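Here is what each chain is made of, one letter per residue.
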Amino acid sequence: MNIRSLTRGDGVVIGAAVLLLIASFLDIYSIEGAPDSADIPTLWGSGPVVLGVVLAGVIGAALVVVSHAMPQPRKVAGLDLGQFGIAFTVFAAWCALGNIFDPAGAFDNDGGLDTVSAGLGLILALVATLVMAAAAVATPLLPALKGTLVPAARPAAPQPYGGQPQGGYGYPGAQQQPYGGQPGQPGQPGPSFGGQPQPGQPQPGQPQPGQPQAPQQAQAQPAGDFSPFWFAVPVPRPLFAEDGSPTPIAELAPGTWYLAVEQRGANLVAQTQDGRRGVLQDTSGIQRG
């Protein structure tokens, strides 16, 4: 599971679920004329409310969030977990609305319980389930709710000359050797950011003192060569096998940095943290590190 793939809509769903749990410990009824010391049950005192409102809402919120945090959607009876979660949240809101209109149920059919109305717990439960259902349904439709809940970390600034690189694989601030380049000799400064030689270093294609001149073919590579770079995707994107298979081998999640190792036309060959390589066909809107 990757929490960086959660959206702002998922954050609203989580907040509504927390509000629903808080409301479940408040009064289910409001009785006119009852003293402050009256022992009024909470939402947990009513089985229909617990099953139809509290548990249905919490389970629906959990299914929605888990389905978005998983790299591959899980399906049950042909429907993914997110669709089940949306159905649970809508059902919880519908049940909460019914309990608001008739909190005492069948006991007030004879007109003897006119003083009983919905308590604070029921009212907050209705608000929480309505917000939860609206966020679950609207997240795939509204761009404002599709944004990532935890934004990707900005790449670190280039290290100054003589500084030590930090981080390892998966950290965009770590210094990378230019594609096709050779690492510097011990005791000698390597190429600076952007591949420009430092003062006192021999220019590309010039022999070093005491060394024979290299053949023309061993001189600097053309400037147009591809250089690997770090990037992040704005929304989940499938990564396909390099052999052209239509089945994705992985899914790139927002908030995680991946390494582009090769360019094939408009596509990128990307490498994941676990070493898998594949072709990213949709490169629109990617963020370079």
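Before reading on, note that the structure itself is shown above.
If you're wondering where the values come from, they're calculated on a predicted model, not measured in any experiment.

Asker: Got a sec to walk through the overall build of the chain? Specific residues and values, please.
Answerer: A tally of regular secondary structure across the chain gives five helices and eleven strands. With 289 residues in all, the chain has 31% of them scored as buried. A separation threshold of at least 6 residues defines the contact pool for the chain, and within that pool the share at least 24 residues apart is 63%. Surface summary for the chain: the accessible area is close to 16900 Å², and the carbon and sulfur share equals 60%.

Asker: Can you tell me about helix 2 (residues 47–69), naming the residues and giving the values?
Answerer: Relative to the 33 Å expected for 23 residues at 1.5 Å per residue, helix 2 spans 31 Å between its end C-alpha atoms, a close match to the ideal helical length. The principal kink in helix 2, of about 35°, is found at Ala-56.

Asker: Talk me through the packing of aromatic side chains; I want residue IDs and the actual numbers.
Answerer: Under the definition given, this model contains three aromatic pairs. Aromatic side chains Phe-231 and Tyr-258 sit 6.3 Å apart centroid to centroid with 45° between the ring planes, which places their arrangement in the tilted category. With a gap of 27 residues between them, Phe-231 in strand 5 (residues 229–232) and Tyr-258 in strand 8 (residues 258–264) connect regions that are remote in the sequence. Counting every residue linked through ring pairs, the aromatic cluster contains Phe-229, Phe-231 and Tyr-258.

Analysis parameters
- Residues numbered from 1 in each chain as written.
- Predicted model: local features only at pLDDT ≥ 70, side-chain atom pairs only at ≥ 80, totals over all residues.
- Heavy atoms only, no water.
- Helix = DSSP H or I, 4+ residues; strand = E, 2+ residues; numbered from the N terminus.
- Buried < 20%, exposed > 50% of the residue type's maximum accessible area, 1.4 Å probe, protein only.
- Contact = heavy atoms within 4.5 Å.
- Areas by Shrake-Rupley, 256 points an atom, 1.4 Å probe, with all protein chains shown as cover.
- Expected span 1.5 Å × (residues − 1).
- Bend = angle between axes of the 7 residues up to and from the residue.
- Phe/Tyr/Trp six-rings, centres within 6.5 Å; stacked < 30°, edge-to-face > 60°.

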